[in-house]
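Structural features, examined
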Amino acid sequence: MSKNVIEKLHHAFNDYLITTFGINSTRAQACEFTLNVDEARQQFGDISSNAAMLLAKELKRAPRDLAQEIAQNFSHPYIQKIEPAGPGFLNIFLSVEALRTLTKELAEQGIEFFKTIPAKPQHINVEFVSANPTGPLHFGHGRGGIIGDVLSNVLRFLGNQVTAEFYINDAGSQIDKLGNAFKIRCMQVAGQDVQLPEDAYHGEYLVELAKECIKTHGAQVLEKPDAFFAEYAKTHLLERIKYTLNKFGITFDNYFSEKTLHEQGLITEALEIVKKNGYLYEQDGALWLQSTAFGDDKDRVVRKASGELTYVAADIAYLKNKIDRGANRLIMTLGHDHHSYVVRLHAVQQALGLGQYPLDIILYQLVKINEGGEQVRMSKRAGKMVTLDDVIDAVGSDVARFFFLNRKADAQLDFDLNLALTKSEENPVYYLQYAYVRTKSILGKAAELTDLETIGPKDSQYIGQEESLLIKKMVSLKTLLVDIGQQYNTHTLTYFALELANLFHKYYSQHRVIDPDNINKSRARLLLVKEIRNTFELILDLLELSKPDRM
C-alpha cells in the first residue's frame, strides 16, 4: 500500500534530519510530525514538529536556532513554507498541490486510504460482555459490549484476525443456584406454597420463564431432576442474552462454555503446567496458586479442601485455551469492580509461562441513566429501566450504541435519556446522521445536472485552501484508527465523527457547493463532499450505526 502525501512528507523530513544531523532513524521517528486539525489553531500551520526542541540537547544547539536552520534548509514540493515558532517549534504549511494530491488519493483509494498493512498481522482474541447466564443483560453491560464490539471492528479493519468472544460461566455454584430458584418458581406457578431462599435469584424473569415451562411441559415437569431446571433456565436465559446482543448490533464469533474446560480435562492439564512451573502448593487441604510471586496481594485458592474447583482454576485453563486456539494477543473488557482481577489474571499468565503474549484488560466505569436531570433508580417494581433491552427499546440501537461509547472507558458515563430521545441536532446521533444524509442529498442534486453528474479524481485539480481543514480532518482518521488499535480508546471515534460533522456543516453554510456559474469549483467541492460521505460511511460501519437515506 503506497504512502499518502503526509506520510511521504514525514518520510522526507526524517531523511533530512538523519542526513543533515547524523542522528539514527529511531531518534528521527521520535520527533513529532502532527497534522493540525484544530480549527482554532490553523494559523499555526498544517503540520507541527518538535524536532528542533527534541534534538537540541544532543546536537548542543539552541532549539530556536536549530528550528531556524531547518526552516531555511528543508524544502519539498508539498510544502509552501516553514515557520519557527515559540521556543523551537516548526509550523509547516502545505502547498495547494499537496491538498489536491491528498484529495485525489482519497478519491482513488476510497476506504483503502485509511487501512494500514501490519508488519505482522495478529490473531487477537477480544473477550467482552461475558455476563453470567443467570438473568437478562443489565443496562450497564451495554458499555462493555460496545467498547469490545467497536474495538473488534477497528482491529479487523487494520488487518488483524479477530475473534470476538463471549465466555459463558455455565459451571459452578451459580448455575446450581439458578436451577434451584427456577424450580421453586415452577412449583409456585403450579400452585405449590413454597418460598424462595433469601439469597436466591429473585428476578421476575424467572417467573415468566416458569410460566412458559409449565405451559409447555405441564406440572409433571416438577418430577424432573434438579439438573433439568438448571439446564433449562441457563439455556433459555442465554438465548435471551444472545437476542438482546443481536438487537444491539453485536455478533460474537464464539460463545465459549466454561463447562467444556471441566468436561475436556483442560483444567487438570493447565494446572499440571502451573505445578511444573513451581507456582502451585497445598495447604490446609486446599490447592493454592502462588500469585503473590507476581504482585497479587494474596495467593488464590485453586481447589478447595472439599475438592471443588474455584473460578481461578477455570481462568488458568481458559487463558491457556485462548493461546492454544491460535490467539497471540488477548484483550478483555471488564467492569471497574474487577480491578483486582487484572492483577490476578496477569499472575495466571506468568504462572503458565505465557508472559510473551500481550494481555490487555480494559476497565470501564459505571453507567448512570438520567432523566430530566434526575438519576433513574433501577427498580423493576417501579417500572424503571433496568435491562439493556429496556434501553434499546426506548431509544433505539443507534442511539444506545453511540451514547454508551461516547465517553472514555475509565470515566463514569451519564446516559441522558431525554437527550437520547430528542430528534434534533442536540442529539449527537441525529447530528451525525444528518450530516451524512446532507452529503447524499447534495450529490443527488448534482447528479441531475449534466455538467456535474460524473465527478472523479481529476476534479481534485480545482481544490482550494478553503477545503484544507476538511481534507486534513479526513486524512487524520487513518492515524486515529491505528491509535485505537494500540490504545483501545474507542470513544475517540465518536468524537471524530461529531467533529467531522461539525466541520462539514460549517463548510456547507459558508461555501456554495453547486454553483452553475463556476463548474470547475463545483466539481472540486462535489468531489470533497463525495469523500466526506465515504468517510462517514466508514465511521458508521465501524460503529455499526445505520446509514439513513433521508431524515
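Residues numbered from 1 in each chain as written. Predicted model: local features only at pLDDT ≥ 70, side-chain atom pairs only at ≥ 80, totals over all residues. Heavy atoms only, no water.

On to the sheet that holds strand β5 (residues 123-127), then. What the five strands build is an open sheet, ordered β7-β6-β5-β11-β12; its pairing is parallel. For this open sheet the edge positions go to β7 (254-257) and β12 (359-364), each flanked by a neighbour on one side alone. Taken over all neighbouring pairs, the strand axes of this sheet differ in orientation by 25 degrees on average, direction set aside. Strand contacts of helix α9 (residues 226-247): β6 (161-168) and β7, with the helix running at about 140 degrees to β6, the strand carrying the most contacts. (Pairing = 2+ DSSP bridges. Helix = DSSP H or I, 4+ residues; strand = E, 2+ residues; numbered from the N terminus. Axes fitted to C-alpha atoms, helices over the stretch in contact; angles between N-to-C directions. Contact = heavy atoms within 4.5 Å.)

Right, let's get into the environment of Thr-134. Tracing the chain through its elements places Thr-134 in the loop between β5 and α6 (141-157). Residue Thr-134 is classed as buried on the basis of its relative accessible area of 9%. When the C-alpha positions of Thr-134 and Lys-234 are compared, they lie 6.3 Å apart, and in sequence the two are 100 residues distant. Ignoring any residue separated from it by four or fewer positions in sequence, one finds Thr-134 in contact with Gln-174, Ile-175, Leu-178, Tyr-201, Tyr-205 and Leu-237. (Buried < 20%, exposed > 50% of the residue type's maximum accessible area, 1.4 Å probe, protein only.)

What follows is about the packing of helix α1 (residues 5-21) against helix α5 (residues 96-109). Relative to each other, α1 and α5 sit at 130 degrees, their axes nearing to 9 Å. The angle between α1 and α5 places the two elements in the oblique class. Residues Val-5, Ile-6 and Lys-8 of α1 form the contact with α5, whose participating residues are Ala-98, Thr-101, Leu-102 and Glu-105. The residue makeup of the contact of α1 with α5, split by class, is four nonpolar, one polar and two charged. (Parallel < 35°, antiparallel > 145°, perpendicular 65-115°, else oblique. Nonpolar A, V, L, I, M, F, W, Y, C, P; charged D, E, K, R; others polar.)

When you line up the elements, Thr-101 lands in helix α5. Here Thr-101 falls in the buried class, since its relative accessible area comes to 16%. A distance of 2.8 Å separates a polar side-chain atom of Thr-101 from the backbone oxygen of Glu-97. When near neighbours in sequence (up to four residues on either side) are disregarded, Thr-101 contacts Val-5 and Tyr-78. (Polar contact = N/O pair within 3.5 Å; in protein donor to acceptor, adjacent residues only side chain to side chain.)

For the rest of this paragraph, the subject is the side chain of Glu-105. Tracing the backbone shows Glu-105 in helix α5. For the buried Glu-105, which has no salt bridge, the nearest side chain bearing the opposite charge is Lys-8, at an N-O separation of 4.3 Å. When residues no more than four places from it in sequence are discounted, the contact partners of Glu-105 are Lys-3, Asn-4, Val-5, Lys-8, Gly-110 and Phe-113. (Lys, Arg positive; Asp, Glu negative; His and termini not counted. Salt bridge = Lys/Arg side-chain N within 4 Å of Asp/Glu carboxyl O.)

Pairs may arise between side chains of opposite charge once their charged atoms sit close together. The tally for this structure, following the rule as stated, stands at 33 salt bridges. Residue Lys-478 pairs with Glu-7 through a salt bridge whose shortest N-O separation is 3.0 Å. Of this pair, Lys-478 sits in helix α18 (residues 468-487) while Glu-7 sits in helix α1; the two residues are 471 residues apart in sequence, bridging distant segments of the chain. Accessibility expressed as a relative area gives 9% for Lys-478, which makes it buried. Look at Glu-7 and you get partly exposed, because its relative accessible area is 26%.

Pairing in this open sheet of three strands is antiparallel, and the strands run β8-β9-β10 from one edge to the other. Every other strand in the sheet has two partners, leaving β8 (280-283) and β10 (300-303) as the edge strands with one partner each. Ignoring strand direction, the axes of neighbouring strands in this sheet form an average angle of 45 degrees. Bridge count between strand β9 (residues 286-289) and β10: three bridges; the pairing is antiparallel. Residue Leu-289 lies in a different strand from β10, and its bridge partner there is Arg-300. In the packing of helix α12 (residues 311-324) onto the sheet, the strands contacted are β9 and β10, and the crossing angle to β10 comes to about 80 degrees.

Counting residues in each nonpolar core, the largest one holds 124 residues, and the members touching the most others are Leu-17, Ile-70, Phe-404 and Leu-493. By residue number, the principal contributor to this core is helix α20 (residues 519-543), which donates twelve residues. Once residues lying within four places of it in the same chain are set aside, the contact partners of Phe-404 are Phe-139, Gly-142, Arg-143, Ile-146, Phe-248, Val-367, Leu-388, Val-391, Leu-413 and Phe-415. Core analysis: the next-biggest nonpolar cluster, separate from the first, contains 33 residues, Leu-330, Ala-351, Leu-352 and Leu-359 among them. (Core = buried A, V, L, I, M, F, W, Y, C linked by side-chain atoms within 4.5 Å.)

Residues other than glycine predominantly adopt negative phi, and peptide bonds predominantly adopt the trans conformation. In this structure, Val-129 takes a positive phi of about 65 degrees despite not being glycine. Among the structural elements, Val-129 can be located in the loop between β5 and α6. Its relative accessible area of 12% is what places Val-129 among the buried residues. A positive phi angle, close to 40 degrees, is found at Ser-130, a residue other than glycine. Position of Ser-130 relative to the elements: it lies in the loop between β5 and α6. Relative accessible area serves as the criterion here: at 15%, Ser-130 is assigned to the buried category.

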